Amino acid sequence: MTGRPVRTGRGAGQASAGELLELVRSRRAVTRGALQQATGLSRATVGQRLDRLFRAGWLREGAGGPVDSPLGGRPSITLEFDDEHAVVLAADLDTRHARAAVLSLSGEILAEHSGTLVVDDGPDLVLGELGRWFGELLEKTGRGAESVCGVGLAVPGPVDTETGRVVQPPIMPGWDGYDIRSRLARALAEHTGAAEVPVLVDNDANLMAYGEQRTGYPDCSAFVLVKVSTGIGAGVVVDGAVFRGIDGGAGDIGHIRVPEGAQTLCRCGSYGCLAAVASGGAVARRLAETGVPAASGSDVRDLLASGHPEAAGLAREAGRRVGDVLATVVTLLNPGVLMIAGDLAGTPFLTGVRELLYQRALPRSTAHLDVVTSRLGERSGLVGAGAMVVEHLYAPERVEERLRALGV
């Protein structure tokens, strides 16, 4: 600690209970004395604000810390965020498959379910089924509906995060502008009896990037994840926050026009999109044309896992096309990590990406770049969705609102 008061926006000595919680959660100050030093608050004021957090059940006392004084004395009692006082529900939708989970507030997956769920069936049916899955998962963990503090949902389309609605999604017919939050909250209530809880929605690549960056690369200030499955999308995390653009459209690289696709119609209705020639769906289509049974990116993933030579060749070719586009992305953003994820994220595709990326990008842009594959695998979207909910609910300004609502 430097001894300088934390910036609160209200002047020194005015840090709120929410800001004290943020200091504890981030481990920047974990004793009462450290909180006084960080905020400039008096001992009595720190005690009063911590008392509100204890009464809410959000803080707990940990083990005693080291004795700082050379004269000895009693060790300082450390403070910890109590990650057991509530749980988060999270789901990650793909075009033909979905995963759902109950997570602790620290991101540990307590129960999980995956299965077939087709977005083409429409939001009412899909979200209703997710509500049923959530009910079964809560029963499995032994947690009641009252323990749920929020729900996070990852979807394969651009999202206006202010409203939680997808905006002109190329591969989600019938979802454009649909009120996802209300329907999912209603489905949760139907299957669990839960009172209305916050539902947050974001693009799947954004949440995959957020989950991977937070758990595996917390010190990387510019992180890019590219998901290549039935479609192609990218998530960008800058200084620990998802970069979404002005209305959620950032990272939609699957619809950058490329010369090789000039004659190929994309699902978005345009010709020449990268996704039309280099996505898992595009590779599946080319395999099907040669008599290999494949209808989606997940089918291509299974073929690659079995060592299918034609699938591997087409995946490498797709990787080269994506790598050509990523040379521009890397030059523009100068990330420290470029992660390839999704159905095609294996050796053939990654090899193709590297071939063109390092050939086309300036050496200056790639000198400190790590090109890697997913660490969390199919769970990255769930972890990111859970983290999104926790960061939203325990942000300092929202903590104050929630404490008032609890009457503490």
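Residues numbered from 1 in each chain as written. Predicted model: local features only at pLDDT ≥ 70, side-chain atom pairs only at ≥ 80, totals over all residues. Heavy atoms only, no water.

Caption draft 1: Expanded view of the overall build of the protein. Looking only at helices and strands, one finds 14 helices and 14 strands in the protein. Taken over the C-alpha trace, the protein has a radius of gyration of 23 Å; the compact-globule value for 408 residues is 22 Å, and the two agree within 12%. The buried share of the protein, taken over its 408 residues, is 51%. Pairs at least 24 apart in sequence give 61% of the contacts found in the protein among residues at least 6 apart. (Helix = DSSP H or I, 4+ residues; strand = E, 2+ residues; numbered from the N terminus. Rg over C-alpha atoms; globule rule 2.2 N^0.38 Å. Buried < 20%, exposed > 50% of the residue type's maximum accessible area, 1.4 Å probe, protein only. Contact = heavy atoms within 4.5 Å.)

Caption draft 2: A look at the sheet that holds strand E12 (residues 241-242). Spatial ordering of the open sheet is given by E12-E11-E10-E13-E14, a layout of 5 strands whose pairing is mixed. Both outer strands of the open sheet, E12 and strand E14 (370-373), are each paired with one neighbouring strand and no more. Sheet topology note: the strand E10 (residues 222-228)/strand E13 (residues 337-341) ladder contains 5 bridges and is parallel. Of the residues in E13, the one forming a bridge with Lys227 is Ala341. (Pairing = 2+ DSSP bridges.)

Caption draft 3: Quick look at the packing of aromatic side chains. In the structure shown here, the tally under the stated rule is 3 aromatic pairs. Relative to Tyr394, the ring of Phe81 lies with its centre 5.1 Å away and its plane at 75°, an arrangement referred to as edge-to-face. Taken as a pair, Phe81 in strand E2 (residues 77-81) and Tyr394 in the loop between helix H13 (380-393) and helix H14 (396-406) lie far apart in primary sequence, 313 residues in all. For the pair shown, Phe81 and Tyr394 are each scored as buried. On the basis of an interplanar angle of 40° and a centroid distance of 5.7 Å, the ring pair of Tyr217 and Phe223 is categorised as tilted. The exposure class assigned to Phe223 is buried, which follows from its relative accessible area of 1%. Just above the ring of Phe81 sits the side chain of Arg25; from NZ or CZ to the centre is 5.3 Å. One Lys or Arg, Arg402, reaches over the ring of Tyr394 and ends 4.7 Å from the middle of that ring. (Phe/Tyr/Trp six-rings, centres within 6.5 Å; stacked < 30°, edge-to-face > 60°. Lys NZ or Arg CZ within 6 Å of the ring centre and 35° of its normal.)

Caption draft 4: Geometry of the layout of surface pockets. In this structure, the largest pocket spans a volume of roughly 950 Å³. Tyr210, Arg214, Ala387, Met388 and Glu391 are the residues nearest the centre of the largest pocket, which is lined by 34 residues in total. The element that contributes the greatest number of residues to the lining of the largest pocket is H13, accounting for 7 residues. Looking at the lining of the largest pocket residue by residue, the classes come out as 14 nonpolar, 11 polar and 9 charged. What the second largest pocket holds in volume is close to 620 Å³. (1 Å grid on protein atoms, 1.4 Å probe; cavity = no way out; pocket = protein on both sides within 12 Å on 5 of 7 lines; lining within 4 Å. Points joined across faces, edges and corners; volume = space filled by probe spheres on them. Nonpolar A, V, L, I, M, F, W, Y, C, P; charged D, E, K, R; others polar.)

Caption draft 5: Seen up close, the pairing of E10. With respect to burial, E10 is a largely interior element, 7 of its 7 residues being buried. The side-chain alternation of E10 yields two buried faces, one formed by Ala222, Val224, Val226 and Val228 and the other by Phe223, Leu225 and Lys227. As judged from the 7 bridges shared by E10 and strand E11 (residues 232-238), these two strands associate in the antiparallel manner. Bridged to Phe223 within E11 is Val237. From the end of E10 to the start of E11, which pair antiparallel, there are 3 residues.

Caption draft 6: Looking closely at unusual backbone geometry. Here the phi dihedral of Gln168 falls at roughly 45°; this positive angle occurs in a residue that is not glycine. With respect to the element layout, Gln168 can be found in the loop between strand E8 (165-166) and helix H5 (180-192). Backbone geometry at Asp239 places phi at a positive 50°, although glycine is not the residue there. Residue placement: Asp239 occurs in the loop between E11 and E12.

Caption draft 7: Geometry of the side chain of Thr95. In this fold, Thr95 is placed in the loop between strand E3 (87-93) and strand E4 (97-104). In terms of polar contacts, Thr95 uses its side chain to reach the side chain of Thr230, at 3.2 Å. Beyond its immediate sequence surroundings of up to four residues, Thr95 is in contact with Leu117, Val118, Val119, Ile171 and Thr230. (Polar contact = N/O pair within 3.5 Å; in protein donor to acceptor, adjacent residues only side chain to side chain.)

Caption draft 8: Molecular detail of the sheet that holds E4. With mixed pairing, the 5 strands of this open sheet are ordered in space as E5-E4-E3-E6-E9. Looking at the sheet topology across the chains shown, the edges are occupied by strand E5 (109-116) and strand E9 (199-203). Neighbouring strand axes in the sheet, compared pairwise and without regard to direction, differ in orientation by 15° on average. Judged from the 5 bridges that link them, strand E6 (residues 148-155) and E9 form a sheet pairing that is parallel. Each residue of the ladder has a partner; that of Leu153, found in E9, is Val201. Those strands touched by H5 are E3, E6 and E9, and its axis lies near 130° from that of E9. (Axes fitted to C-alpha atoms, helices over the stretch in contact; angles between N-to-C directions.)

Caption draft 9: The arrangement of helix H3 (residues 43-56) in detail. Relative to the 20 Å expected for 14 residues at 1.5 Å per residue, H3 spans 20 Å between its end C-alpha atoms, a close match to the ideal helical length. Every buried residue of H3 is accounted for by Thr45, Val46, Leu50, Arg52, Leu53 and Ala56. Each buried residue of H3 lies within a common arc of 145° when the element is viewed along its axis, so the set occupies one face. With respect to the buried face of H3, the exposed residues turned more than 90 degrees away are Arg43 and Gln48. Of the residues flanking the end of H3, it is Gly57, one or two places downstream, whose phi is positive at about 85°. (Expected span 1.5 Å × (residues − 1). Arc of directions from axis to C-beta.)

Caption draft 10: Seen up close, the confidence of the model for the protein. On average, residues of the protein carry a pLDDT of 92, and 94% of them reach 70 or more. Low confidence marks residues 1-9, where pLDDT is under 50. Its contacts with residues over four positions away, or in another chain, come to 19 contacts. (pLDDT = per-residue confidence, 0-100.)

Caption draft 11: Seen up close, the pattern of salt bridges. Evaluation of the coordinates by the stated rule reveals 27 salt bridges. Among the ionic pairs, Arg25 bridges to Glu391, the shortest N-O distance being 2.8 Å. In this pair, Arg25 sits in helix H1 (residues 17-25) while Glu391 sits in helix H13, placing the two residues 366 residues apart along the sequence. Glu391 gets classed as partly exposed once you look at its relative accessible area, which sits at 24%. Taking the shortest distance from any N to any O, the salt bridge between Arg286 and Glu317 comes out at 2.9 Å. (Salt bridge = Lys/Arg side-chain N within 4 Å of Asp/Glu carboxyl O.)

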